[in-house]
Amino acid sequence: MPIHYEKDDEHVVRITIDRPEARNALDLYHFRDLAAAWRTFRDDDDAWVAIVTGVGRNFMVGADLKTYIPQITELQKKIAAGDVKEIDGCRLSDGTYAVLRNVKLYKPVIAAINGPCVAGGMEMLGGVDIRIATEHARFGVMEPKRGLFAGGGTTARLPRQLNFPAAMEFLLTAEHFPAERALALGLVNEIVPEDELAERATDWARRITANAPLAVQATKESVIRGLSVSLEEAYAIETELSRKVFQSDDAKEGPKAFAEKRSPRWTGR
């Protein structure tokens, strides 16, 4: 199966893109399966953090242009003719959902970037919270170099996540950037040796799952929603979410565990 979904007994999900013969480029069916993996993670209350990575020495290089364009064109024609709404469970929205564009996913996501992260890989990276790269990882918004447009969220998210000149350097040159340059521009959190990537991503996940899941998710939700509104509205969102967290069982467990000098037992309620 090209998209692997695994959950361990410590609330961590691993989503792995496994299509090395195409450098982990995705066709219609792989976008469908990746979108389904994100929905499964979103809807599972026992899944608190996700790590997304690729097999081999590729992270994700976007759509497989040899197969995806004909497939999506055929699907669009059939939908326009009123014949179908989907083909083999594939929908037009799968591509944007797979790269986390405009997706209400407030659980933390970590990217373990083991190789080229370009085009759709960069689109998906914009929906990821923590980014860990190997020394040979490469980054780029390559669409303009091929006469295309990065319509999966990159032009909207990258200027909000990096300083403006850095974002425009990525967007306008359509060049490859090495991991060191990505780190300097603030695109990734850290660079690690290749053989330490999986362990380091897991360590980040464990650091997050040590915290109360409802509080973590509310924190991410407050940040994401707050970025698209005025400061006054962001404060209102913060107050709304704060109220929900303080009414939870975990809000009682945290201070109790502290007083009893023990590790908290989070329930996510």
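Residues numbered from 1 in each chain as written. Predicted model: local features only at pLDDT ≥ 70, side-chain atom pairs only at ≥ 80, totals over all residues. Heavy atoms only, no water.

*Asks:* Sorry if this is basic, but what is going on with the overall build of the protein here?
*Replies:* A tally of regular secondary structure across the protein gives eleven helices and nine strands. Each principal axis of the C-alpha atoms in the protein carries an extent, and together these give about 60 × 45 × 40 Å. The buried share among the 269 residues of the protein stands at 49%. Contacts in the protein between residues far apart in sequence, at least 24 positions, make up 67% of those at least 6 positions apart. Element-wise, carbon and sulfur atoms account for 53% of the exposed surface of the protein, whose accessible area totals about 13900 Å². Of the charged side chains in the protein, 36 are positive and 40 negative, and the gap between their average positions amounts to 3 Å. (Helix = DSSP H or I, 4+ residues; strand = E, 2+ residues; numbered from the N terminus. Buried < 20%, exposed > 50% of the residue type's maximum accessible area, 1.4 Å probe, protein only. Contact = heavy atoms within 4.5 Å. Areas by Shrake-Rupley, 256 points an atom, 1.4 Å probe, with all protein chains shown as cover. Lys, Arg positive; Asp, Glu negative; His and termini not counted. Charge placed at Lys NZ, Arg CZ, Asp CG, Glu CD.)

*Asks:* Help me understand the nonpolar core in this model?
*Replies:* The nonpolar side chains of a soluble globular protein tend to be buried with one another. Among the nonpolar cores identified, the biggest contains 53 residues, and Trp 38, Ile 113, Met 124, Phe 139, Phe 170 and Leu 187 are the most heavily contacted of them. Broken down by element, the residue count for this core peaks at seven residues, all from helix 1 (residues 28-43). For Met 124, the residues in contact, after removing those within four places along its chain, are Ile 17, Leu 34, Trp 38, Val 52, Phe 59, Met 60, Ala 98, Val 99 and Leu 100. Of all hydrophobic cores here, the second largest spans 15 residues; its members include Ile 110, Ile 132, Ala 201 and Ile 208. (Core = buried A, V, L, I, M, F, W, Y, C linked by side-chain atoms within 4.5 Å.)

*Asks:* What is the right way to read the environment of Ile 208 from this model?
*Replies:* Along the chain, Ile 208 turns up in helix 8 (residues 197-209). Taking the C-alpha atoms as reference, Ile 208 lies 8.2 Å from Pro 108; in sequence the two are 100 residues apart. Those residues within four positions of Ile 208 in sequence are excluded, and the remaining contacts are Val 49, Pro 108, Ile 110 and Val 216.

*Asks:* Looking at this model, I keep getting lost on the packing of aromatic side chains. Mind explaining?
*Replies:* The description of two aromatic rings rests on the distance between their centres and on the angle between their planes. Counted according to the given criterion, the structure contains two aromatic pairs. Between the aromatic rings of Phe 170 and Phe 177, the centroid separation amounts to 4.2 Å while the plane-to-plane angle is 35°, which identifies the pairing as tilted. The ring of Tyr 97 is capped by Arg 39, whose NZ or CZ atom sits 4.2 Å from the centre of that ring. Positioned over the ring face of Trp 204 is Arg 207, at 4.3 Å from the centre of the ring. (Phe/Tyr/Trp six-rings, centres within 6.5 Å; stacked < 30°, edge-to-face > 60°. Lys NZ or Arg CZ within 6 Å of the ring centre and 35° of its normal.)

*Asks:* Before we go on, may I ask you to explain the pattern of salt bridges in this structure?
*Replies:* Any two side chains of opposite charge can pair, on the condition that their charged atoms come close. All chains considered together, the criterion is met by 20 salt bridges. Between Glu 221 and Arg 225 there is a salt bridge, with its nearest N and O atoms 2.9 Å apart. Residue Glu 221 and its partner Arg 225 are both found in helix 9 (residues 213-226); the two are separated by four residues, about one turn of the helix. A single network of salt bridges, built from pairs that share partners, joins Asp 8, Glu 10, Arg 14 and Arg 206. (Salt bridge = Lys/Arg side-chain N within 4 Å of Asp/Glu carboxyl O.)

*Asks:* Even after reading the chapter, I still don't get the packing of helix 5 (residues 154-161) against helix 6 (residues 164-173), so can you show me in this structure?
*Replies:* When two helices pack together, their arrangement is captured by the angle between the axes and the distance separating the axes. Contact geometry of helix 5 with helix 6 gives a least axis separation of 7 Å together with a crossing angle of 150°. Considering their axes alone, helix 5 and helix 6 lie roughly antiparallel with respect to each other. The interaxial crossing formed by helix 5 with helix 6 has right-handed handedness. Between helix 5 and helix 6, the contacting residues are Thr 154, Thr 155, Leu 158 and Pro 159 on the first element and Ala 167, Phe 170 and Leu 171 on the second. In the contact of helix 5 with helix 6, the residues fall into five nonpolar, two polar and no charged. (Axes fitted to C-alpha atoms, helices over the stretch in contact; angles between N-to-C directions. Parallel < 35°, antiparallel > 145°, perpendicular 65-115°, else oblique. Left-handed = near helix turned anticlockwise from the far one by under 90°. Nonpolar A, V, L, I, M, F, W, Y, C, P; charged D, E, K, R; others polar.)

*Asks:* I'm lost on a negative patch on the surface in this one. Help?
*Replies:* Taken together, the side chains of Glu 135, Glu 180, Asp 195, Glu 196 and Glu 199 present a region of like negative charge at the surface. For Glu 135, the position within the fold is in the loop between strand 6 (130-134) and strand 7 (138-140). On the accessibility criterion, Glu 135 (53% relative accessible area) is exposed. (Patch = residues over 30% accessible without salt bridge, like charges linked within 9 Å, V, L, I, M, F, W, Y side chains within 5 Å.)

*Asks:* What should I look at first to understand the sheet that holds strand 3 (residues 49-54) in this one?
*Replies:* Paired through backbone hydrogen bonds, the strands of a sheet run either parallel or antiparallel to each other. Pairing in this open sheet of six strands is mixed, and the strands run 1-2-3-4-6-9 from one edge to the other. Both edges of this open sheet fall to strand 1 (3-7) and strand 9 (190-192), since each of them pairs with a single strand only. The sheet shows a mean angle of 20° between the axes of neighbouring strands, direction not considered. Sitting on the sheet, helix 1 touches strand 1, strand 2 (12-17), strand 3 and strand 4 (109-113), and the angle it makes with strand 1 is about 15°. (Pairing = 2+ DSSP bridges.)

*Asks:* Can you help me understand the side chain of His 136 in this one?
*Replies:* Relative to the elements of secondary structure, His 136 occurs in the loop between strand 6 and strand 7. A polar atom in the side chain of His 136 sits 2.8 Å from the backbone oxygen of Asn 114. With sequence-adjacent residues up to four places away left out, His 136 is seen in contact with Arg 57, Asn 114, Gly 115 and Glu 194. (Polar contact = N/O pair within 3.5 Å; in protein donor to acceptor, adjacent residues only side chain to side chain.)

*Asks:* Looking at this structure, how should I read the sheet that holds strand 5 (residues 116-118)?
*Replies:* Here we have three strands laid out as an open sheet, ordered 5-7-8, and mixed in their pairing. Strands at the two margins of the open sheet, each flanked by one partner only, are strand 5 and strand 8 (177-178). Across three bridges, strand 5 lies against strand 7 in parallel orientation. Counterpart to Val 118 in the pairing with strand 7 is Gly 140.

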